[in-house]
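Next come the chains, spelled out residue by residue.
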Amino acid sequence: MITILRYSTDGGFTESNDPAGVAELPKDGQYLWVDLQAPTPEEAEVLSHPLNFHPLAVEDCWHEPQRSKVDDYGEYLFLVVHGVRYDAKKDEFKTHELNIFLGKSFLITFHTLHSRSIDAVKENVRRHPPLMARGMDFVLHQIVDRVIDSYFPKLEIIESKIDELEILLIEDVRPELLTRIFELRRTVAHLKRVATQEREILVQISRGDFPFISERLQVYFKDIYDHLFRIVEGADNHRETLNAMVQVYVSMVSNQLNHTMRFLTLIATIMLPLTVITGIYGMNFDFMPELHWTLGYPLVLVAMLVVSVSMIVFFKRRNWL
Amino acid sequence: MITILRYSTDGGFTESNDPAGVAELPKDGQYLWVDLQAPTPEEAEVLSHPLNFHPLAVEDCWHEPQRSKVDDYGEYLFLVVHGVRYDAKKDEFKTHELNIFLGKSFLITFHTLHSRSIDAVKENVRRHPPLMARGMDFVLHQIVDRVIDSYFPKLEIIESKIDELEILLIEDVRPELLTRIFELRRTVAHLKRVATQEREILVQISRGDFPFISERLQVYFKDIYDHLFRIVEGADNHRETLNAMVQVYVSMVSNQLNHTMRFLTLIATIMLPLTVITGIYGMNFDFMPELHWTLGYPLVLVAMLVVSVSMIVFFKRRNWL
Amino acid sequence: MITILRYSTDGGFTESNDPAGVAELPKDGQYLWVDLQAPTPEEAEVLSHPLNFHPLAVEDCWHEPQRSKVDDYGEYLFLVVHGVRYDAKKDEFKTHELNIFLGKSFLITFHTLHSRSIDAVKENVRRHPPLMARGMDFVLHQIVDRVIDSYFPKLEIIESKIDELEILLIEDVRPELLTRIFELRRTVAHLKRVATQEREILVQISRGDFPFISERLQVYFKDIYDHLFRIVEGADNHRETLNAMVQVYVSMVSNQLNHTMRFLTLIATIMLPLTVITGIYGMNFDFMPELHWTLGYPLVLVAMLVVSVSMIVFFKRRNWL
Amino acid sequence: MITILRYSTDGGFTESNDPAGVAELPKDGQYLWVDLQAPTPEEAEVLSHPLNFHPLAVEDCWHEPQRSKVDDYGEYLFLVVHGVRYDAKKDEFKTHELNIFLGKSFLITFHTLHSRSIDAVKENVRRHPPLMARGMDFVLHQIVDRVIDSYFPKLEIIESKIDELEILLIEDVRPELLTRIFELRRTVAHLKRVATQEREILVQISRGDFPFISERLQVYFKDIYDHLFRIVEGADNHRETLNAMVQVYVSMVSNQLNHTMRFLTLIATIMLPLTVITGIYGMNFDFMPELHWTLGYPLVLVAMLVVSVSMIVFFKRRNWL
Amino acid sequence: MITILRYSTDGGFTESNDPAGVAELPKDGQYLWVDLQAPTPEEAEVLSHPLNFHPLAVEDCWHEPQRSKVDDYGEYLFLVVHGVRYDAKKDEFKTHELNIFLGKSFLITFHTLHSRSIDAVKENVRRHPPLMARGMDFVLHQIVDRVIDSYFPKLEIIESKIDELEILLIEDVRPELLTRIFELRRTVAHLKRVATQEREILVQISRGDFPFISERLQVYFKDIYDHLFRIVEGADNHRETLNAMVQVYVSMVSNQLNHTMRFLTLIATIMLPLTVITGIYGMNFDFMPELHWTLGYPLVLVAMLVVSVSMIVFFKRRNWL
């Protein structure tokens, strides 16, 4: 699907879905935003003609995965940023690519998946078309800001997952928990990697490396940089927590083994002496006076009871039971 | 709450709580300090008007958490630093933000929580108003110095907690100890992160990146830098100690298991041979001469005693008991 | 084997296998590509004469292993890159070297093993000789692009091996699995090292350090750089997964030990009390009334059954069975 | 205690202990060294007047701990270096601070503890006063050289402690060993940190950042840098060894557990079958022919011996005993 | 021992062992190489006079260990490089120092131990004296090249040791293996450290930091740099392998423990039920019908056999035996 938004300071705002509408490039006082969402090859053709973008950049649009980056092609910038999506059904985090071309007065966005950030900005522009006259770098900021801000709720989902795992961990140590911790750790590592790359991009943008980003907007991009800084830090925190959980897991397995062993010690320590006692009075010697006492049997039973109880008390005192 | 402190080299010192009092900006020889503590939206309005600060900086004041940073907006600096607070009841360390605007002759402090450092400096200024004439960078130094110095007692609280955990660890290895060690480690890591960011700010300030900080004061900010250097090092030390404690914990769990196993070995090694002996004389063979000896029974009991004692001696010698 | 490909903008394309054909160096509008595949010493002689390359570079061609590098000899560049090959029979990954000399209008490739990337580019050139007129840097790009792209299928083989190991790991923990994980980890580390070195080369090429690489092609080499970036990241991912697998392995060994111990506890806990019971009624006291009850024997059997069953139920409840 | 050493190229050498003697600052051809060892506040007053040092530097003298650093105050340098001391009684390593002010022709040393390095240099100067005419940077070099060289014997003490721990570790694995290893590791880490900071100082001095250090002496400070390089490397070595010792410790605990388990297996494996045999002939069946054999009893005893011996042989062969 | 080699483009080649022969420094077209091998103090005197080297450099010659480094003294360079030697008897790797002074037309080598690399180059020079006329930097290259190349066979010795340890590790896990692995790891770490320092030196030499190294030779030193790059990489590989071996060791100890426990489980699980059975028929109840059956005894023996066999089958199926 292709969406073409045009605004000129005198004429006003038009929107169309016809690829042919891209033909005329914006002149002074005119602004163009073309959004290509899962475009057909015909629609995507506009990138090569009339927009005349470098074949490599066009190729990058089609081939996922790309790393987050910004390439300066002289007459336009080519950016790749990543949005994050959480699929609650499969319990999976997925990053999806957003390819952006930024020229002096045009902005082309290309993405194979539906993007809420783009939709929200589009809606804004439709309601207040003069927003486009604030410059396409302003529109770019709106989009990137939303994409990056959508990382925070994902970090929170991860946090709630960590909390859940922590509760499960205390209940019982099952190997599957370890697998889930590792999976989550990989997700966090992936998120951190993406955010770190994007932070690098925003350093470049906010220090004024690119002429299409006006000085007035640099401070706004610096603000996104601050957000990414916090996202990276949050991911680092989560990673650290998950690493500590692995250590707790390992330690709890050892501990459980320890308790099992103690329990076994107890059983053996109580039962084995009793066996020896019964063994003694099961011997067939001719001369065993105790065997002929009237109270021999109950006395032995009492002795066995005393031995058991005193051992249990001993264990209780050593805090083993 | 808003507090407006004004001082002019000729006129003297005034203090008010009326937002309208900010209206007039300080001229040459005049100095202004506005402190906003948990301000109402109306009071905070002064940031936008008449102070005219950048919307992003104003937004940063309201939104926590921010990383510690310094932004140069040309006509003023915007700093975020963090104080640390220890809540003894919940046994929690919390960082709280202090947002500061520094202009040529004004200083605006913004914080949602009550800050002892700010109060102390305010009190100082009230007693000796000419302090303000030493420049708002001097007042800034007073505040930041106190904020950073308040980290040291927190490091000491952490140290005493570590000492306490070390004693508990030697007494008994409970899984909850591990959890507490990890929590403390996270606190230390957080503190270190904040201090590292602030150290970065103070590098910038003390090497003269910003025109509002006079050269005469740079050496004082360098001094705060030195304090932060020691705080980061102290946090590193604590972290290292806590990591070593985890290793000690794991090793002690293993050791305990080892001792339990030894004890079990002992019980089994002593009891099982005795069982075999009683088993032998419990057999029903017609021709077992020992059974008919008068001293058979006491001799077997003595033999069992000898076996037990010699085994205990053996274990003692191998240092297992 | 030596292959000499010549193209001149006016004359056309010739191919020969005679070392003597190298003699004449290309003039303006002429292009030369000499491919030496496992050359005889006589064939390789062309490197020294007439090509007159530096003896050290020539020596590097013959001696493996070399690190991936680019050396600027003024009149020509000397590159070493590595292809990766998977030997399915021996289940081994092997890197092989590709030595390349790039001059203004000539390209010399030297490799002891057959290279599919070189063959493919040769075939392309044979079909469309004018490709050579696009510059020898273009031909170089074609070769390096193919060499690097051939890393991706190898990363996929590694991924499928990891998946296979993961399944085996869940089935049973055998020490050989650990050995295989470590081997795979070393392969991944080796691959990463090579890719990192090559990424370094491509940074240099794509930022225009070398005059023989035209500006127009730099963006294409930047594209290879992006691929290497993803390869390094992929290798990092695999490495992380393999490290996590080691932790899972260790944890599963502990877990299995834990379960074995539980099972032992169960057996001992059930059998030892029964032994004590039978021991009691095996004692030879004169006065043991139960021995003379008609139902004594069946009652004891029932008691033993009750003890066993109640213990099994206890274990089931504690989730130990 | 204050010691004032003065030397002038014409006049000669004087020494006094009267703070008033500092009053006159050295002119051309005059040299002054003031050593303040645990000075009284009155003695230390000379720092502020007449020496007029910056209040922050003076404050740093009194407050320990400071990090090792060099501050350039324009008219003088302020250095903090650390000596290391080993208290054999408490078995503790302690660093102590040495604060140094270096001007064009004066040197002020300030230390709360007695310093052997300072004493040795003072003694040298007393014997050959013209040494001071070689410049106060020369005297500074003499002091710092001695301070740093005193690190080597401490590294050797640590090495001998490591050797001792290694021997103890092989003898028996006690948890206290682990604690001692960790303590030593912390000492080494502390030493390394101090040496690294001082190395940084010496980089700055030896590359000529400071005008008060003459070019002729830079190579001598470079020499101290080399020593610190070796100290840091030595500390790294020790740290690595101590880390390996922790791994050996953990592994030895596991190993011991392993051996204990084997021993238990042996006891159980030998005794339990014997118990079963005696159990069989302790049964009360009417028809058990073996019970009536004359040789039944000795045959069973022989059978039990055979079973025991063959099992011991089996264990010996599997190398378990 | 002192060896003085002189060559002049017109006069020819002379060799002497008399320290006095150093007196005359080489003029234009003259070349001098003085080799001091374990020199007497009198022989070493030539360093101070007539060569007039800086006292610190002379001191560095005598004091080992020094780090590998290059110091630029203006009129000459002072290099320290390390050779590696393997003492097969003690099974030890040792580094030994080679101190080198390089001037415009002289080269002084100083080493306390006999050096094969030096000897080989000396021999070369004796055979073809004009080699010296290619410049003393050329002779330096010859020496350093040989010193560095002698690292490769040592890496191979380490590799063969690793292979040997791997075989031993699979045979049996003895604690001494761990100690040997750690020792080897320290050797590798030491080697890597030395090679890394020397790589740093060669970066400086090959990028032309020093005027006494002619531009023509820089590419040759770059070649040595490449060798060191591979040596460092090789050491990294070995280190990684050794680290993996430690993990394998630890895992094998756990595994062995696991198998021992399984074996114990088996013995106990088989024997304990049999004990219970014999216990039952060893009870002395008056009414136990089975005791009076003619086939009672053989039936019980059969029952015991069935129980044992079925348990063994059960264990076999669970793959525990």
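Keep in mind it's a predicted model, so treat the numbers as computed, not measured. (Residues numbered from 1 in each chain as written. Chains lettered and ligands numbered in written order. Predicted model: local features only at pLDDT ≥ 70, side-chain atom pairs only at ≥ 80, totals over all residues. Heavy atoms only, no water.)

Q: Give me the lowdown on the relation of the copies chain A and chain B, citing residues and values where you can.
A: For these two chains of identical sequence, chain A goes onto chain B by a turn of 72° and a shift of 0.0 Å along the axis, with RMSD 0.1 Å. Here the copies are linked by what is in effect a five-fold axis. By C-alpha distance to the rotation axis, the residue of chain A lying nearest is Gly282(A), at 4.8 Å. (Least-squares fit on C-alpha atoms with pLDDT ≥ 70 in both.)

Q: I'd love a proper account of the sheet that holds strand S3 (residues 30-37) of chain E, names of residues and values included.
A: Residue and element names in this part refer to chain E. Taking strand neighbours across the sheet as the criterion, the seven strands line up as S2-S1-S3-S7-S6-S5-S4 in an open arrangement whose pairing is mixed. Each edge of the sheet is formed by a strand with only one pairing partner; in this case those strands are strand S2 (12-16) and strand S4 (69-72). The sheet shows a mean angle of 15° between the axes of neighbouring strands, taken without regard to direction. Looking at chain direction, strand S5 (residues 77-87) and strand S6 (residues 92-102) are connected through eleven bridges and run antiparallel. Of the residues in S6, the one forming a bridge with Arg85 is Lys94. (Pairing = 2+ DSSP bridges. Helix = DSSP H or I, 4+ residues; strand = E, 2+ residues; numbered from the N terminus. Axes fitted to C-alpha atoms, helices over the stretch in contact; angles between N-to-C directions.)

Q: Could you give an account of the interface of chain A and chain C, with specific residues and numbers?
A: With 50 residues of chain A at the interface, the matching set in chain C holds 46 residues. Summing the contributions of chain A and of chain C, the shared interface buries around 4,100 Å²; its carbon and sulfur component is 62%. Where chain A meets chain C, there are four salt bridges. The salt bridge partner of Arg193(A) is Glu233(C), with a shortest N-O separation of 4.0 Å. Viewed at the interface, chain C and chain A are joined by 13 residue pairs in polar contact (both at pLDDT 80 or more). (Contact = heavy atoms within 4.5 Å. Buried area = accessible area lost by both parts, 1.4 Å probe. Salt bridge = Lys/Arg side-chain N within 4 Å of Asp/Glu carboxyl O. Polar contact = N/O pair within 3.5 Å; in protein donor to acceptor, adjacent residues only side chain to side chain.)

Q: Talk me through the environment of Thr241(C); I want residue IDs and the actual numbers.
A: Position of Thr241(C) relative to the elements: it lies in helix H7 (residues 215-281). According to the relative accessible area criterion, Thr241(C) is buried, its value standing at 6%. Sequence separation between Thr241(C) and Glu166(C) is 75 residues, and the spatial gap between their C-alpha atoms is 9.9 Å. With near-sequence residues (within four places) excluded, Thr241(C) lies in contact with Arg186(A), Ile162(C) and Glu166(C). (Buried < 20%, exposed > 50% of the residue type's maximum accessible area, 1.4 Å probe, protein only.)

Q: How would you explain the nonpolar core if you had to name every residue and give the values?
A: One finds Trp33(A), Trp33(B), Trp33(C), Trp33(D) and Trp33(E) to be the most contacted residues of the largest nonpolar core, which totals 338 residues. Residues Leu272(B), Leu266(D), Ile270(D) and Met304(E) belong to the second largest nonpolar core, which totals 104 residues. (Core = buried A, V, L, I, M, F, W, Y, C linked by side-chain atoms within 4.5 Å.)

Q: Describe the confidence of the model for chain A, and please don't skip the residues or the numbers.
A: With 99% of its residues at a pLDDT of 70 or more, chain A has an overall mean of 88. This prediction of the complex comes with two scores: 0.79 for pTM and 0.73 for ipTM. (pLDDT = per-residue confidence, 0-100.)

Q: Quick one: what's the story with the interface of chain A and chain B, residue by residue and with numbers?
A: With 47 residues of chain A at the contact, the number on the chain B side is 49 residues. Buried area between chain A and chain B, summed over both chains or domains, comes out near 4,200 Å², and the portion from carbon and sulfur atoms is 62%. Of all residues in chain A, the largest losses of buried area upon contact with chain B belong to Asn284(A), Phe285(A) and Phe287(A), amounting jointly to 14% of the total for that side. On inspection of chain A and its partner chain B, the count reaches five salt bridges.

Q: How would you explain unusual backbone geometry if you had to name every residue and give the values?
A: Leaving glycine aside, a negative phi is the common case for residues, and trans is the common case for peptide bonds. Residues His49(D) and Pro50(D) are joined by a peptide bond in cis, for which omega reads 10°. The residue after Glu64(E), namely Pro65(E), is reached through a cis peptide bond having omega -5°. Take Pro65(E): it is sitting in the loop between helix H2 (55-62) and S4. Even without being a glycine, Ala38(A) presents a positive backbone phi close to 40°. Along the chain, Ala38(A) falls in the loop between strand S3 (30-37) and helix H1 (41-44).

Q: Describe the sheet that holds strand S6 (residues 92-102) of chain C, with residues and values.
A: Residues and elements named next belong to chain C. Spatially, S2-S1-S3-S7-S6-S5-S4 is the arrangement adopted by the seven strands of the open sheet, whose pairing is mixed. Of all the strands in the sheet, just strand S2 (12-16) and strand S4 (69-72) have a single pairing partner and so form its edges. Put simply, the sheet's adjacent strands are angled 15° from each other on average, direction ignored. Note: S4 against strand S5 (residues 77-87), four bridges, orientation antiparallel. Bridging across to S5, Lys69 finds its partner in Val80. The strands touched by helix H5 (residues 151-171) are S5 and S6; relative to S5, the strand with the most contacts, the crossing angle is about 35°. Docked against the sheet, helix H6 (residues 175-206) engages S4, S5 and S6, running at close to 150° with respect to S5.

Q: Account for the pattern of salt bridges, with residues named and values stated.
A: Within the structure shown, the criterion is met by 71 salt bridges over all chains. As a salt-bridge pair, Arg67(E) and Asp226(D) come within 3.2 Å of each other at their nearest N and O atoms. With one member in each of two chains, Arg67(E) in the loop between H2 and S4 and Asp226(D) in helix H7 (residues 215-280) form a pair that bridges those chains. In terms of burial, Arg67(E) and Asp226(D) fall into one category: buried. Where Asp35(E) meets Lys122(E), a salt bridge forms, and the shortest distance between an N and an O atom there is 2.9 Å. With a gap of 87 residues between them, Asp35(E) in strand S3 and Lys122(E) in helix H3 (residues 116-127) connect regions that are remote in the sequence. Side by side, Asp35(E) and Lys122(E) carry an identical accessibility label, which is buried.

Q: Go over the packing of helix H5 (residues 151-171) of chain A against helix H6 (residues 175-206) of chain A, please, and point to the residues and values.
A: Residues and elements named next belong to chain A. It is at 11 Å that the axes of H5 and H6 come closest, and there the two elements cross at 160°. By the criterion of interaxial angle, the relationship of H5 to H6 is roughly antiparallel. By crossing handedness, the relation of H5 to H6 is classed as left-handed. For the pair H5 and H6, contact is made by Tyr151, Leu155, Ile158, Lys161, Ile162, Glu164, Leu165, Leu168 and Leu169 and by Leu177, Arg180, Ile181, Leu184, Thr187, Val188, Leu191, Val194, Ala195 and Glu198, respectively. (Parallel < 35°, antiparallel > 145°, perpendicular 65-115°, else oblique. Left-handed = near helix turned anticlockwise from the far one by under 90°.)

Q: Describe the side chain of His238(E), naming the residues involved and giving the relevant values.
A: Locating His238(E) in the fold gives a position in helix H7 (residues 215-280). Discounting chain neighbours no more than four positions away, the residues touching His238(E) are Leu155(E), Ile158(E), Glu159(E), Ile162(E) and Val188(E).

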